[in-house]
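The residues making up each chain are set out below.
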Amino acid sequence: MAMTRRTVLVSAAALATISRAGFAAAAGKGRSIVIFYSRTGTIKGLAQSVAKLTGAETLELALEQPYAANYSDMTYIAREERQKGARREIATTIPDLTSYDTIFLGTPYWWGGVSIPMRTFLMDYPLDGKTIVPFVVWEDIRTYCPKAKILEGFHRTQSEAADCEADLKAWLQDLKLI
């Protein structure tokens with residue numbers, strides 16, 4: 001059969017679809033997405049590594065009202081928000097998550113749990129029936145996702161995070177996600 005332009009375009013579209021869905025989906029593991037909040041860039045770097053290793057899509061949570069640029073001002077505000085149970089509204093448009101089986105959650109550790117933006121996300125978007133794979137912090141994710149399957153999390157401090165891709169890969173392999 002001769003290769004027509006249409007055959008080439010259809011084949012290219014099929015390959016692009018498989019690539020977008022990720023290699024895990026192509027292998028029958030379902031769609032996955034990395035949802036993360038990163039203020040300093042540390043979590044973003046880890047999220048990009050998780051996505052690269054797993055073929056997952058990524059979604060960064062941006063805020064309607066960003067935190068103060070000064071770190072000490074920001075920590076004061078965030079600590080007070082955590083103590084009061086306050087919210088930080090998400091500006092990011094959240095896609096329909098029903099087609100995702102596995103959701104990687106990346107968030108910094110703030111005073112005993114997830115960041116305020118991640119807490120807001122988890123309160124607004126129940127992840128019932130999903131497999132949750134947290135990185136950096138997972139202590140209170142069970143509180144916000146009581147009907148999800150939560151796998152063992154991955155944690156590194158900010159100073160360790162820049163050079164931990166081998167550990168991250170080993171963690172994902174142990175969980176049989178790559």
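Computed from a predicted model, the values in this text were never measured in an experiment.

**Q** Describe the pairing of strand S4 (residues 131-135), listing the residues and the values that go with them.
**A** Within S4, five of the five residues are buried, which leaves it mostly tucked inside the rest of the structure. The two faces of S4 match: Thr-131, Val-133 and Phe-135 on one face and Ile-132 and Pro-134 on the other face are all buried. Bridge count for strand S3 (residues 100-106) against S4 is five bridges, and the pairing is parallel. Counted as the bridge partner of Gly-106 is Phe-135 from S4. Between S3 and its parallel partner S4, the chain crosses via helix H5 (residues 116-124), and the hand of that crossover is right-handed. When S4 meets strand S5 (residues 149-150), the two strands line up parallel, connected through two bridges. Within the sheet, the bridge partner assigned to Thr-131 lies in S5 and is Lys-149.

**Q** Any details on the layout of surface pockets? Residues and values, ideally.
**A** Roughly 360 Å³ of internal volume is contained in the largest pocket. What lines the largest pocket is a set of 18 residues, among which Thr-40, Pro-108, Tyr-109, Trp-110 and Gln-158 lie closest to the centre. Secondary structure elements with two or more residues in the lining of the largest pocket: helix H3 (42-54), helix H4 (71-84) and helix H7 (158-161). A breakdown of the residues in the lining of the largest pocket according to their chemical character gives ten nonpolar, six polar and two charged.

**Q** Report on the nonpolar core, specifying residues and quantitative values.
**A** Grouped together as the largest cluster of nonpolar side chains are 28 residues, with contacts concentrated most on Ile-35, Leu-105, Phe-121 and Leu-127. Of all the elements in the fold, those that place two or more residues in this core are strand S1 (31-36), H4, S3 and H5. Per-element tally for this core: the top contributor is H5, with four residues. Beyond its immediate sequence surroundings of up to four residues, Leu-105 is in contact with Ile-35, Met-118, Phe-121, Leu-122, Leu-127, Ile-132, Val-133, Pro-134, Phe-135 and Ile-141.

**Q** Let's hear about the pattern of salt bridges: which residues, and what values?
**A** Within the structure shown, the criterion is met by nine salt bridges. Note that Glu-80 is salt-bridged to Lys-84, the shortest N-O span being 3.6 Å. One end of the pair is Glu-80 and the other is Lys-84, both in helix H4 and four residues apart, which spans about a single turn. One continuous salt-bridge network, built from bridges that share partners, spans Arg-87, Glu-89 and Asp-124.

**Q** Any details on the sheet that holds S5? Residues and values, ideally.
**A** What the five strands build is an open sheet, ordered S2-S1-S3-S4-S5; its pairing is parallel. The open sheet terminates on both sides in strands that have one partner only, identified here as strand S2 (57-60) and S5. Packing of H3 onto the sheet brings it into contact with S1, S2, S3 and S4, and relative to S1 it is tilted by some 170 degrees.

**Q** Quick rundown of the environment of Pro-134? Include the residues and the values.
**A** Here Pro-134 lies in strand S4. On the basis of relative accessibility, which here comes to 0%, the residue Pro-134 falls in the buried class. Taking the C-alpha atoms as reference points, Pro-134 and Phe-104, separated by 30 residues in sequence, lie 5.5 Å from one another. With sequence-adjacent residues up to four places away left out, Pro-134 is seen in contact with Leu-105, Ile-141, Ile-150, Leu-151, Glu-152, Gly-153, Phe-154 and Trp-171.

Rules and cut-offs
- Residues numbered from 1 in each chain as written.
- Predicted model: local features only at pLDDT ≥ 70, side-chain atom pairs only at ≥ 80, totals over all residues.
- Heavy atoms only, no water.
- Buried < 20%, exposed > 50% of the residue type's maximum accessible area, 1.4 Å probe, protein only.
- Helix = DSSP H or I, 4+ residues; strand = E, 2+ residues; numbered from the N terminus.
- Pairing = 2+ DSSP bridges.
- Right-handed = clockwise from strand over helix to strand, strands pointing away.
- 1 Å grid on protein atoms, 1.4 Å probe; cavity = no way out; pocket = protein on both sides within 12 Å on 5 of 7 lines; lining within 4 Å.
- Points joined across faces, edges and corners; volume = space filled by probe spheres on them.
- Nonpolar A, V, L, I, M, F, W, Y, C, P; charged D, E, K, R; others polar.
- Core = buried A, V, L, I, M, F, W, Y, C linked by side-chain atoms within 4.5 Å.
- Contact = heavy atoms within 4.5 Å.
- Salt bridge = Lys/Arg side-chain N within 4 Å of Asp/Glu carboxyl O.
- Axes fitted to C-alpha atoms, helices over the stretch in contact; angles between N-to-C directions.

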